[in-house]
Amino acid sequence: MRKLKGDKNPSYKHGMTAKHPLYNTWQNIKSRCYNKKNKNYKNYGGRGINVCMKWKNNFICFYNWCINNGWNKKLTIDRINNNKGYSPSNCRFSDRITQSRNQRLRCNTKSRFKGIDFNESLWRSRITGNKKTIFIGRFKSKYYANNKRQQYIIENKLQNFI
């Protein structure tokens, strides 16, 4: 890829290349969504995640949105709905704990339920977050284990774990 010089280079217009952490954030977002050689492409661009046109081609627009929406060095950009792309209506700034809870549902391939796995001839139900695991119990049926997990989440107001 040919480097653009002078006023043809988008970073020339704002002069913020690597001087500001948000520039690196912006570049990394675009790389995950559009660079097939990026190790995370399969989880972003490969799934159809993209960057809105407003941000994709205009760092200053992205920068201004970030500054006006609570960015600071301790927070990271987080997509509210992980099945949608990066845009002002689908992004926010979160701490690492909040962001770690906002992930695509992953499930055990055997049970097809998140937080349910087969262990020692019973279905084990658990919730994991904040570097802690809460074991709910062991059950004969994966459906009963999942129901107990959902019930525990509701009773303990842990909706971020659904």
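Residues numbered from 1 in each chain as written. Predicted model: local features only at pLDDT ≥ 70, side-chain atom pairs only at ≥ 80, totals over all residues. Heavy atoms only, no water.

(A) Spotlight on the pattern of salt bridges. Counted under the stated rule, the structure contains 3 salt bridges. Between Asp117 and Arg124 there is a salt bridge whose closest N-O contact spans 2.7 Å. Arg124 shares its class with Asp117; the two are buried. Asp117 is paired through a salt bridge with Arg126; the nearest N and O atoms lie 3.1 Å apart. A relative accessible area of 11% means that Asp117 is categorised as buried. (Salt bridge = Lys/Arg side-chain N within 4 Å of Asp/Glu carboxyl O. Buried < 20%, exposed > 50% of the residue type's maximum accessible area, 1.4 Å probe, protein only.)

(B) Spotlight on the packing of aromatic side chains. Within this structure, the stated rule accounts for 10 aromatic pairs. Both rings, one in Trp65 and one in Phe93, keep their centres 5.7 Å apart while their planes meet at 35°; by these two values the pair is tilted. Of the two residues, Trp65 sits in helix α4 (residues 59-68) while Phe93 sits in strand β2 (residues 91-94), which places them 28 residues apart along the sequence. Among the aromatic residues, those joined into a cluster by ring pairs are Tyr23, Trp26, Phe59 and Tyr63. Lying across the ring of Tyr44, Arg32 places its NZ or CZ 5.0 Å from the centre. (Phe/Tyr/Trp six-rings, centres within 6.5 Å; stacked < 30°, edge-to-face > 60°. Helix = DSSP H or I, 4+ residues; strand = E, 2+ residues; numbered from the N terminus. Lys NZ or Arg CZ within 6 Å of the ring centre and 35° of its normal.)

(C) Region of the structure containing the pairing of strand β1 (residues 76-79). Of the two faces of β1, the one lined by Thr76 and Asp78 and the one lined by Ile77 and Arg79 are each fully buried. Relative to β2, β1 runs antiparallel, the two being bridged by 4 bridges. Across the sheet, Arg79 pairs through a bridge with Cys91, a residue of β2. (Pairing = 2+ DSSP bridges.)

(D) Fine view of α4. Taken residue by residue, α4 has Phe59, Phe62, Tyr63, Trp65 and Cys66 as its buried positions. Down the axis of α4, the smallest arc covering the buried residues is 165°, so these residues share one side. (Arc of directions from axis to C-beta.)

(E) The environment of Gly129, seen in detail. Structurally, Gly129 can be placed in strand β4 (residues 122-129). According to the relative accessible area criterion, Gly129 is buried, its value standing at 18%. Through-space distance from the C-alpha of Gly129 to that of Thr98 is 9.7 Å; in sequence the pair is 31 residues apart.

(F) How the structure looks around the sheet that holds strand β5 (residues 132-139). One open sheet holds the 3 strands; their spatial order is β3-β4-β5, and the pairing between them is antiparallel. Looking at which strands have only one partner, the edges of the open sheet turn out to be β3 (116-119) and β5. Across the sheet, the mean angle from the axis of one strand to that of its neighbour is 30°, orientation sign disregarded. Examined bridge by bridge, β4 and β5 share 7 bridges and lie antiparallel to one another. From the neighbouring strand, Trp123 faces β5, where its bridge partner is Phe139. Packed on one face of the sheet, helix α6 (residues 142-155) meets β3, β4 and β5 and runs near 30° to β4. (Axes fitted to C-alpha atoms, helices over the stretch in contact; angles between N-to-C directions. Contact = heavy atoms within 4.5 Å.)

(G) Broad picture of the nonpolar core. Counting residues in each nonpolar core, the largest one holds 20 residues, and the members touching the most others are Trp55, Phe62, Ile77 and Tyr86. Secondary structure elements with two or more residues in this core: α2 (21-34), α4 and β2. Those residues within four positions of Tyr86 in sequence are excluded, and the remaining contacts are Ile29, Arg32, Cys33, Tyr44, Ile49, Asn50, Val51, Cys52, Trp55, Ile77, Arg79 and Cys91. By size, the runner-up hydrophobic cluster in this structure holds 5 residues, among which are Phe113, Ile116, Trp123 and Ala145. (Core = buried A, V, L, I, M, F, W, Y, C linked by side-chain atoms within 4.5 Å.)

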